Every structure is written in structure tokens, then in C-alpha cells.
Amino acid sequence: MMKIKRWIAAGLVALVAAFGVGCGKKDESAVLTVGASPIPHEEILKFVQPELEKQGVELKIQAFQDYVLPNKSVEEGQIDANFFQHIPWMEATNKEKGYHLVKVAGVHIEPMGAYSNKIKNISELKNGATVALPNATSEITRVLLLLDQNNLIKLDNRQGDKTLKNIKENPKNLQFKLLEAATLPRMLDQVDFAVINTNYALQAKLNPLKDALFIEGKDSPYVNVLAVKKGNENDPRVQKLVKVLTSQKVKDFILKKYNGSVVPAF
């Protein structure tokens, strides 16, 4: 009888030990790694982390300072998704690099604006002024349309992709410098003004609504999206993230935290 009890006790110990190991082991299938720009994308993702945790998904955020590595990392499977770019950038990257990235949700718009440390109003701009622009091919059209809209240049037309060669009139003889987008805030002392992506403006403590000489309207088509590699759109972890990213709570968070400099797109 004592032997039977010892066997039962030993069996229970083994069962508890096995159960304990199983409970302590992380379920890797429930971890979702998303690459993001620090502001506002990473901040928005951090806001939804607790809600995803409740739904059984551990959200890991990998911050990127550039616009190249986040797509490369998704394409190569190093991360599951990214949240930093608009559709024209994603499509241009797919075409240029042969990637297979797709949108799974549109989240917000970051109106692009012009900033200066030298002038307070665009009317103060002198002939031959130097203007810094982001050098990414997919951003040039967007920037030139903004300059055209504010009567600083005149394009041959407003349809299709544009380059500097499409400038038909340049009445102030503006001199353009094409630079890496992330470096533009640091160039404000060296140029008359720079057109800067809102995420980099916010990182540099610029307030798009107060500091911009002019800025895109809220109807900008450049919606920032959550993107994955084609074939992963219906991953349950991704779909749970989509649901919380496009919730009323996130809309309220964006409106309150960014006060109009970042606009919900859902």
C-alpha cells in the first residue's frame, strides 16, 4: 500500500512539474514584432500594448530611425510587420527592391510641413533662397505638389509622379537640396526652410500646427499604414493588432495627444 502511495505521489509531482514547465514556457506564436518610427508610430503601438496583452498577444516594438530597414526586415522575416510608412512609399519600395509588402490597415495621416529658423512667414523668403527637401523618390511628388499649392513653384501639371524637372516656373529662383529625411530638422540653421515629415518634426520638438510655415491639409492621401509581407494579412496576431489600432480608443488617443498634427484615418 505504501509503495502505491509513493508511486501516486511521484506521479503527481511529475505531473505538476511538467505542467509548471508548460505554463512557464513562452508561446512564441503569440509574440508579434512590429517595426516602427519612434514618433508617433511607436507611441501609438505602446498605447495598444496592454489591450493586445489581454487578447493573448505579446507586442514587441522595434524602433527604426530610417525608412529603409523596416521594410527590409519585414521582407526577410526578421519582424512580422511595420508601421511607419504611407502607401506610395511602400509601393515604390516594392517596385525598386522587389519586395512583397501589403497594407493591412490605414491608421493615421501625418501632414507634411515647411519649417524655418530664419523666417516667420513665407512672404519673407528672399530670391535664391535654399530649400531642403527629402530625397526619397516617393516623397518628391508629394513635396512638389505642396510647394505648387503654396505658389512657390508652378509644375507643368499636377497629375502623376513628379521630379524637379517638372518645375515649369520658379519665380523666387529657389535652390533645392535633396537630403535624407531624418537629417532635415538638423539642417534648419543652414537652409532658409525645409519640408519635413511630421514624425521627424515631432522628434525634433517642432509643433506642426504652430511652427510650420505651411502644411498639408487633413485630406492628404498619404495615410500611414500597418504593413506585412503578402500572405501574412490574415495572421490572427496581425488581425488583433488591426482591430485595436483602428478602435475608438486609439482615435481618441491620437486626437488628444497630437492635437491635430497627426490625424486619424479611420
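Residues numbered from 1 in each chain as written. Predicted model: local features only at pLDDT ≥ 70, side-chain atom pairs only at ≥ 80, totals over all residues. Heavy atoms only, no water.

## Examining the sheet that holds strand β12 (residues 223-229)
In sheet architecture, strand pairing relies on hydrogen bonds along the backbone and comes in two forms, parallel and antiparallel.
At step 1: With mixed pairing, six strands are arranged side by side in an open sheet as β2-β1-β3-β12-β4-β13. Whereas interior strands pair on both sides, the edge strands pair on one side only; in this sheet they are β2 (58-63) and β13 (263-264).
At step 2: Note: strand β1 (residues 31-36) against strand β3 (residues 81-86), three bridges, orientation parallel. Within β3, the position partnered with valine 34 by the bridge is alanine 81. (Pairing = 2+ DSSP bridges. Helix = DSSP H or I, 4+ residues; strand = E, 2+ residues; numbered from the N terminus.)

## A look at the sheet that holds strand β9 (residues 175-179)
At step 1: Ordered by their spatial adjacency, five strands build an open sheet running β9-β6-β10-β5-β11, and the pairing between neighbours is mixed. With partners counted over all chains shown, the strands left at the sheet margins are β9 and β11 (214-215), one partner each.
At step 2: Here two bridges tie strand β6 (residues 130-134) to strand β10 (residues 193-196), and the two strands are oriented parallel to one another. Each residue of the ladder has a partner; that of alanine 132, found in β10, is alanine 194.

## Details of the environment of lysine 243
At step 1: Topologically, lysine 243 is positioned in helix α8 (residues 236-245).
At step 2: Here lysine 243 falls in the exposed class, since its relative accessible area comes to 63%.
At step 3: On a C-alpha basis, the gap between lysine 243 and alanine 105 in space is 9.0 Å, while along the polypeptide they are 138 residues apart. (Buried < 20%, exposed > 50% of the residue type's maximum accessible area, 1.4 Å probe, protein only.)

## Considering the layout of surface pockets
At step 1: In this structure, the largest pocket encloses a volume near 680 Å³.
At step 2: Pro88, Trp89, Ala92, Thr137 and Ser138 are the residues nearest the centre of the largest pocket, which is lined by 25 residues in total.
At step 3: Secondary-structure elements contributing two or more residues to the lining of the largest pocket are α4 (87-97) and α5 (137-149).
At step 4: Of the residues assigned to the lining of the largest pocket, the class counts are 10 nonpolar, seven polar and eight charged.
At step 5: If you trace the second largest pocket, you find 13 residues lining it, with Gln149, Glu216, Ser220, Pro221 and Tyr222 closest to the centre.
At step 6: Per-element accounting of the lining of the second largest pocket gives the leading share, five residues, to α5.
At step 7: Classifying every residue of the lining of the second largest pocket gives five nonpolar, four polar and four charged. (1 Å grid on protein atoms, 1.4 Å probe; cavity = no way out; pocket = protein on both sides within 12 Å on 5 of 7 lines; lining within 4 Å. Points joined across faces, edges and corners; volume = space filled by probe spheres on them. Nonpolar A, V, L, I, M, F, W, Y, C, P; charged D, E, K, R; others polar.)

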